[in-house]
Amino acid sequence: MTLLWQLFLAFFIPGILGYGGGPASIPLIENEVVSRYHWMSVSEFSNVLALGNSLPGPIATKMAGYIGYEVGGIPGSIVALLATVGPSLILLIVLLRLLYRFKDSPKVKWLTLLIRPIIVVMLGMMAWDFFSTSQAESGWLPMILIGAASFVLMQRFRLHPAFVIAGALLIGGLFMG
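Every value quoted in this text rests on a predicted model; they were computed, and no experiment measured them.

## Things to note about the overall build of the protein
Alright, step 1. Of the regular secondary structure elements, the protein holds 7 helices and 0 strands.
Alright, step 2. Mapped in sequence order, the helices and strands of the protein form the string α-α-α-α-α-α-α.
Alright, step 3. Here the C-alpha coordinates of the protein stretch approximately 50 × 40 × 25 Å along the principal axes.
Alright, step 4. Residue burial in the protein is summarised as follows: out of 177 residues, 29% are buried.
Alright, step 5. Taking the contacts inside the protein whose residues are at least 6 apart along the sequence as the reference set, 53% of them involve residues at least 24 apart.
Alright, step 6. On the protein, roughly 11,700 Å² of surface is accessible, and the fraction owed to carbon and sulfur atoms is 73%.

So this is what it looks like as structure tokens:
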């Protein structure tokens, strides 16, 4: 299988299954990029995720562009981006009328409620992987201090998460680089 085809599949599959957009597709992308194709480690993926979260716009497309470029250069970036937006584009064009017609259906609402716990579990599993990797790479103390500081800054002082992420990137760059 060619690299560009693998890139396409790695981002098209999460695009199809990632109900709810970016947060739901991130664990699926991680599975493809880290576990299936081994293009990145969990640590590298979490760094890409952190960088992507610090930039404006949809997370899945930023990650696709970056990972696609890292793996396959400019053609890889283009293929990964097209594979990421393709499923949504197809669904918008083909199914918009059908979804609009049945938007108030109790069955559609029920299916949506059933999918939410699955997304929560997937995000929890990804958070646990990041937690484990962070602890292994930096130790308990830095991880707890950064986590506690982030929590206090966002909850107590209502600092926007983008500033917390940017600050963590800056501190990591100064002390780890």
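## Quick look at the packing of aromatic side chains
Alright, step 1. Going through the model one piece at a time under the given rule, you end up with 6 aromatic pairs.
Alright, step 2. Ring centres 5.5 Å apart and planes at 15° place the aromatic pair Trp5 and Phe8 in the stacked group. Placement of the pair is Trp5 and Phe8 together in helix H1 (residues 3-17), with a separation of 3 residues, close to one helical turn.
Alright, step 3. Ring centres 6.3 Å apart and planes at 35° place the aromatic pair Phe45 and Phe130 in the tilted group. Taken together, the residues Phe45 in helix H3 (residues 42-54) and Phe130 in helix H5 (residues 106-138) connect sequence positions 85 residues apart. For the pair shown, Phe45 and Phe130 are each scored as buried.
Alright, step 4. One aromatic cluster is present, formed by Trp5, Phe8 and Phe12 through successive ring pairs.

## Side note on the environment of Ile90
Alright, step 1. Mapping Ile90 onto the fold places it in helix H4 (residues 59-101).
Alright, step 2. Given the relative accessible area of 48%, Ile90 is considered partly exposed.
Alright, step 3. Separated by 74 residues in sequence, Ile90 and Ile16 have C-alpha atoms that sit 9.9 Å apart.

## Describing the nonpolar core
Alright, step 1. Ranked by size, the top nonpolar core spans 24 residues in total, and within it Phe11, Ile26, Val33, Phe45, Leu49, Met63 and Ile67 carry the most contacts.
Alright, step 2. The set of elements that each furnish at least two residues to this core consists of H1, helix H2 (22-36), H3, H4 and H5.
Alright, step 3. Broken down by element, this core gets its largest block of residues, 8 residues, from H4.
Alright, step 4. Look past the residues within four positions of Met63 in its chain and what remains in contact with it is Phe11, Ile26, Phe45, Val48, Leu49 and Gly68.

Here is what the cut-offs are and how they apply
Residues numbered from 1 in each chain as written. Predicted model: local features only at pLDDT ≥ 70, side-chain atom pairs only at ≥ 80, totals over all residues. Heavy atoms only, no water. Helix = DSSP H or I, 4+ residues; strand = E, 2+ residues; numbered from the N terminus. Buried < 20%, exposed > 50% of the residue type's maximum accessible area, 1.4 Å probe, protein only. Contact = heavy atoms within 4.5 Å. Areas by Shrake-Rupley, 256 points an atom, 1.4 Å probe, with all protein chains shown as cover. Phe/Tyr/Trp six-rings, centres within 6.5 Å; stacked < 30°, edge-to-face > 60°. Core = buried A, V, L, I, M, F, W, Y, C linked by side-chain atoms within 4.5 Å.

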